[in-house]
Amino acid sequence: MFIGPDCSVQFTGDRALLMRVVSLGENDPYNGWVWITGYVLDARGMATAKRELYVIKSGLRPASAPVVIGKPGRKERVSRRARGLTGRR
C-alpha cells in the first residue's frame with residue numbers, strides 16, 4: 001500500500017511510505033481513521049521496519065507500480081560470452 005498525504009499530513013513529500021500491510025485494526029476510534037500494522041518496504045521491496053500507523057482509511061492506495069523482490073545475497077552470474085573474450089566484467 002502507498003501511505004501518503006491522503007492518509008495523514010504526516011506522510012507528505014519524502015515522508016510517504018510503501019508498506020506491506022498485515023493487519024487493520026477493528027476499532028475505529030474516530031470516524032474514518034484506523035490503526036494499520038505492516039512492514040515498510042525499501043526500493044527493492046524488502047521489509048526494513050515494522051510499523052503501526054494511525055491513518056485515514058479512505059486515503060489508503062494500492063502501490064502504483066509492482067515491487068520487484070530479488071533474493072538477497074545472490075550475485076548475478078554472467079556467462080563468459082557476455083563478459084567478452086578477455087573474461088573481464
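In what follows, the structure referred to is the one given above.
What comes next is a walk through the structure. (Residues numbered from 1 in each chain as written. Predicted model: local features only at pLDDT ≥ 70, side-chain atom pairs only at ≥ 80, totals over all residues. Heavy atoms only, no water.)

1. Description of the nonpolar core
What tends to happen in soluble globular proteins is that the nonpolar side chains get buried as a cluster.
Next up, step 1: Counting 11 residues, the largest nonpolar core consists of I3, C7, F11, L17, M19, V34, I36, V40, L53, V55 and L60.
Next up, step 2: Secondary structure elements with two or more residues in this core: β2 (17-24), β3 (33-41) and β4 (47-56).
Next up, step 3: The dominant element in this core, judged by the number of residues it contributes, is β3, at three residues.
Next up, step 4: Excluding residues within four positions of it along the chain, F11 makes contact with I3, G4, P5, A16, L17, L53 and V55. (Core = buried A, V, L, I, M, F, W, Y, C linked by side-chain atoms within 4.5 Å. Buried < 20%, exposed > 50% of the residue type's maximum accessible area, 1.4 Å probe, protein only. Helix = DSSP H or I, 4+ residues; strand = E, 2+ residues; numbered from the N terminus. Contact = heavy atoms within 4.5 Å.)

2. Describing the pattern of salt bridges
Next up, step 1: Under the defined criterion, the tally for this structure stands at one salt bridge.
Next up, step 2: Between R61 and D6 there is a salt bridge, and its shortest N-O distance comes to 4.0 Å. Of this pair, R61 sits in the loop between β4 and α1 (80-83) while D6 sits in the loop between β1 (2-3) and β2, placing them 55 residues apart in sequence.
Next up, step 3: Classification of R61 as partly exposed rests on a relative accessible area of 39%.
Next up, step 4: Residue classification places D6 among the partly exposed positions, given a relative accessible area of 48%. (Salt bridge = Lys/Arg side-chain N within 4 Å of Asp/Glu carboxyl O.)

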